[in-house]
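Chain residues, written in single-letter form:
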Amino acid sequence: MHVLVTGGAGFIGSHTVERLLSAGHGVTVFDDFNDFYAPAIKRETFAKFADQVTLVEGDIRDQSAVARAFETKPDAVIHLAARAGVRPSLDNPAFISRRISTAHSTCSKPPKPPHVKQFVFASSSSVYGVNKKVPFAEADPIERTISPYAATKLAGEQLCSNFSHLYGMRTICLRFFTVYGPRQRPDLAISKFTRLILEGKPIPRYGKGDTSRDYTYVEDIVDGVMGALAYQDSDFEIINLGGSQTVTLNELIETVEAALGQKAVIDEQPEQPGDVPRTSADVAKARKLLGFEPKTPVSAGVPKFVEWYQASVAAAE
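Residues numbered from 1 in each chain as written. Predicted model: local features only at pLDDT ≥ 70, side-chain atom pairs only at ≥ 80, totals over all residues. Heavy atoms only, no water.

Structural notes on the pattern of salt bridges
Thinking step 1. This structure, assessed with the given rule, holds 15 salt bridges.
Thinking step 2. Ionic pairing is found between Lys-285 and Glu-237, a salt bridge with its closest N-O pair at 2.8 Å. Here Lys-285, found in helix α10 (residues 284-290), pairs with Glu-237, found in strand β11 (residues 236-241); they are 48 residues apart in sequence, far enough to count as distant.
Thinking step 3. The partly exposed category is assigned to Lys-285, whose relative accessible area is 24%.
Thinking step 4. Residue class for Glu-237 comes out buried when judged on its relative accessible area of 16%.
Thinking step 5. Linked by salt bridges that have partners in common, Arg-19, Glu-219, Asp-223 and Lys-295 make up one network. (Salt bridge = Lys/Arg side-chain N within 4 Å of Asp/Glu carboxyl O. Helix = DSSP H or I, 4+ residues; strand = E, 2+ residues; numbered from the N terminus. Buried < 20%, exposed > 50% of the residue type's maximum accessible area, 1.4 Å probe, protein only.)

Thoughts on the packing of helix α1 (residues 11-22) against helix α8 (residues 218-230)
Thinking step 1. α8 packs onto α1 with a crossing angle of 60° between their chain directions and a minimal axis gap of 10 Å. With respect to α8, the element α1 is oriented oblique. Here the hand of the crossing between α1 and α8 comes out right-handed. Contacts between α1 and α8 involve Phe-11, Ile-12, His-15, Thr-16, Arg-19 and Leu-20 from the former and Val-218, Glu-219, Ile-221, Val-222, Asp-223, Val-225, Met-226 and Leu-229 from the latter. (Axes fitted to C-alpha atoms, helices over the stretch in contact; angles between N-to-C directions. Parallel < 35°, antiparallel > 145°, perpendicular 65-115°, else oblique. Left-handed = near helix turned anticlockwise from the far one by under 90°. Contact = heavy atoms within 4.5 Å.)

What to know about the nonpolar core
Nonpolar side chains tend to gather and get buried jointly when the protein is soluble and globular.
Thinking step 1. Ile-78, Leu-174 and Phe-176 are the most contacted members of the largest nonpolar core, which has 42 residues in total.
Thinking step 2. Considering every element that reaches this core, the biggest residue donor is α8, with seven residues.
Thinking step 3. Counting 20 residues, the second-largest nonpolar core is a separate cluster that includes Ile-190, Ile-197, Leu-260 and Val-298. (Core = buried A, V, L, I, M, F, W, Y, C linked by side-chain atoms within 4.5 Å.)

Let's talk about α8
Thinking step 1. Compared with an ideal rise of 1.5 Å per residue, which puts 13 residues at 18 Å, α8 spans 19 Å between its outermost C-alpha atoms and is within 8% of the ideal.
Thinking step 2. Buried within α8 are the following residues: Val-218, Asp-220, Ile-221, Val-222, Gly-224, Val-225, Met-226, Gly-227, Ala-228 and Leu-229. (Expected span 1.5 Å × (residues − 1).)

So, the environment of Ile-266
Thinking step 1. Within the element layout of this structure, Ile-266 appears in strand β13 (residues 266-269).
Thinking step 2. For the pair formed by Ile-266 and Pro-204, sequence separation is 62 residues and the distance between their alpha carbons is 6.2 Å.
Thinking step 3. The contact partners of Ile-266, leaving out residues within four places of it in the chain, are Ile-203, Arg-205 and Ile-253.

What follows is the structure, encoded as structure tokens:
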């Protein structure tokens, strides 16, 4: 099939594009190479497969740019483009909310006649908010979100439901749980900790380090995305994709230290507003519907990331 990947030059997007190409699919990448983090990083990533894909460069909120992307007549859309992150959404909630919701509704509605039969949307574990039940399951009631980012992702899921009903487009919403791995954004914890420890600089630890996350290696996430792309059994689903292993911030720091063979200097900071105390994914539904099985525990994934990071730094010198 031919697949349109929004945000295809980004972290998860680029890994997804590579997997699609290796499976023999045609790919159109839609990306604006914005400055949320260094555009040069995304340009360098995109160059790895530039000659194998069609590129539509533009803002996903721009109807004319989206129309150009749909001129490639994709059979499916994997919608990964977003201004991601809880903390950026706290700094500028109106901007994040407008951008995500507008981008989603612009990209979701296919031209007529509709040739898009499958739509995969990247949602987030942040929608669960301060969920007291562990692990988090898709059927759990969501009483409240605690960040603008989470609210927009929840709204995106509802829009997916609307478009599936209105346009007969099978739609799968995937709730990602803290994705990490090679090429991840430099502001994310594992990348930031690795860089700062190697530079001999303090790393920020918010609170006592007892908050916990279900970290998911990027290749496992892409397994789930590919499963959602192939899914045919119902018109609309919301599905968790997690690593099924929750570790505390202190445990994560220790794992990065072990991979680097170097101790961290801790800069103690107050707890951050908008951060949930823990995330934990129940992936039973993903196993049943998508054949999903996370393969990479944090103890294996963090060393893989560190190895990639050190090789990248060495190559740049």
